[in-house]
Every structure is written in C-alpha cells, then in structure tokens.
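# A closer look at the structure
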Amino acid sequence: MSERIKVLGMFAVLGFVAGVVANFTYHYVLPVIFAIFPEIFRVEWILSGFAGAILTLSIMLVWAYASKSSER
C-alpha cells in the first residue's frame, strides 16, 4: 500500500473519531458542564476555542505517536 493512501486513510479515521467524540461531547458532557458553570460557557467563542484546542491536540498526539522516527 502506498504511503499516500495510508496518510489519507489515517486522516479519514481521525476525522471519523473526532466526529464521534464531538457528538458524544455535545450530548453528554456539555449539559453537565453547563450545569456546573452556567454563564461562562454560554459564550460561543469560548466553546469554539475549547473545541479547536482539543481537536488540534488530539490530532497532533495521534500523529506524533503514529509517525516513525527518522533518527537511527
């Protein structure tokens, strides 16, 4: 299998997992957080910032662990 197909497949899997996590978070985690911190998390830019940060960190962690080191 070519490297390009592997990279595209990995991004497809990451996108799918990110979508599942986002859906789970939206339905189960956010209502609990809203109950604990009612006002601060009603601001849209705060939610967007947290979602972007978590998504970026998740993708970078998977990439870092999945990529091979070129040092030898």
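Preceding this section is the structure that the text describes.
Overview of the structure. These figures come from a predicted structure and were not determined experimentally. (Residues numbered from 1 in each chain as written. Predicted model: local features only at pLDDT ≥ 70, side-chain atom pairs only at ≥ 80, totals over all residues. Heavy atoms only, no water.)

## Some words on the overall build of the chain
Applicable threshold: Helical segments are the DSSP runs of H or I of at least four residues, strand segments are the runs of E of at least two, and each set is numbered from the N terminus. The reference for a compact globule is 2.2 Å times residues^0.38; the radius of gyration itself is calculated from the C-alpha atoms. Relative accessibility decides the category of a residue: with a 1.4 Å probe and only protein chains considered, values under 20% of the type maximum give buried, values over 50% give exposed, and everything between is partly exposed. Note on areas: Shrake-Rupley with a 1.4 Å probe; residue coverage comes only from the protein chains shown. Residues scored as positive are Lys and Arg, those scored as negative are Asp and Glu, and His as well as the terminal groups of each chain are ignored. Throughout, a charge is located at the NZ atom of Lys, the CZ atom of Arg, the CG atom of Asp or the CD atom of Glu.
Secondary structure assignment for the chain yields two helices and zero strands. By the compact-globule yardstick of 11 Å for 72 residues, the chain is too spread out, its C-alpha radius of gyration being 16 Å. Principal-axis analysis of the C-alpha atoms gives the chain an extent of 50 × 25 × 15 Å. Sorting the 72 residues of the chain into buried and exposed places 6% on the buried side. About 6600 Å² of surface is accessible on the chain, with carbon and sulfur atoms providing 72% of the total. Averaged over its 5 positive side-chain charges, the chain has a centre that lies 15 Å from the centre of its 4 negative ones.

## Comments concerning a nonpolar patch on the surface
What counts is decided by this rule: Residues forming no salt bridge and having over 30% relative accessible area are the ones grouped into patches, like charges within 9 Å of each other and nonpolar side chains (Val, Leu, Ile, Met, Phe, Trp, Tyr) within 5 Å. What makes a salt bridge here is a side-chain nitrogen of Lys or Arg within 4 Å of a carboxyl oxygen of Asp or Glu, nothing more.
Residues V13, F16, V17, V20 and V21 make up a contiguous nonpolar surface patch of roughly 460 Å² in combined accessible area. Mapped onto the secondary structure, V17 falls in helix α1 (residues 3–36).

## Brief notes about α1
As a reminder, the rule being used: Multiplying 1.5 Å by the helix residue count minus one yields the expected span of that helix. Note that the bend at a residue is defined as the angle between axes fitted to the seven residues ending at it and the seven residues starting at it.
The terminal C-alpha atoms of α1 lie 46 Å apart, and with 34 residues this matches the ideal 50 Å at 1.5 Å per residue to within 8%. Where α1 bends most, at Y26, the angle is about 45 degrees.

## Digging into the packing of aromatic side chains
Keep this limit in mind: Between the rings of Phe, Tyr and Trp (Trp by its six-membered ring), a pair exists once the centres lie within 6.5 Å; its type follows the angle of the planes, with under 30 degrees stacked, over 60 edge-to-face, and the other angles tilted.
The tally for this structure, following the rule as stated, stands at one aromatic pair. Pairing F24 with Y28 gives two aromatic rings, centres 5.1 Å apart and planes at 40 degrees, and the pair type is tilted. Of this pair, F24 and Y28 both sit in helix α1, four residues apart, which is roughly one turn of that helix.

## A few points about the environment of F50
The residue F50 is located in helix α2 (residues 44–66) in this model. Taking relative accessible area as the criterion, F50 reaches 44% and is therefore assigned partly exposed. Distance in space between the C-alpha atoms of F50 and N23 is 15 Å, their sequence separation being 27 residues.

## Section: the environment of L61
Looking at the element boundaries, L61 is found in helix α2. Exposure remark for L61: the relative accessible area of 51% places this residue in the exposed category. On a C-alpha basis, the gap between L61 and M10 in space is 13 Å, while along the polypeptide they are 51 residues apart.

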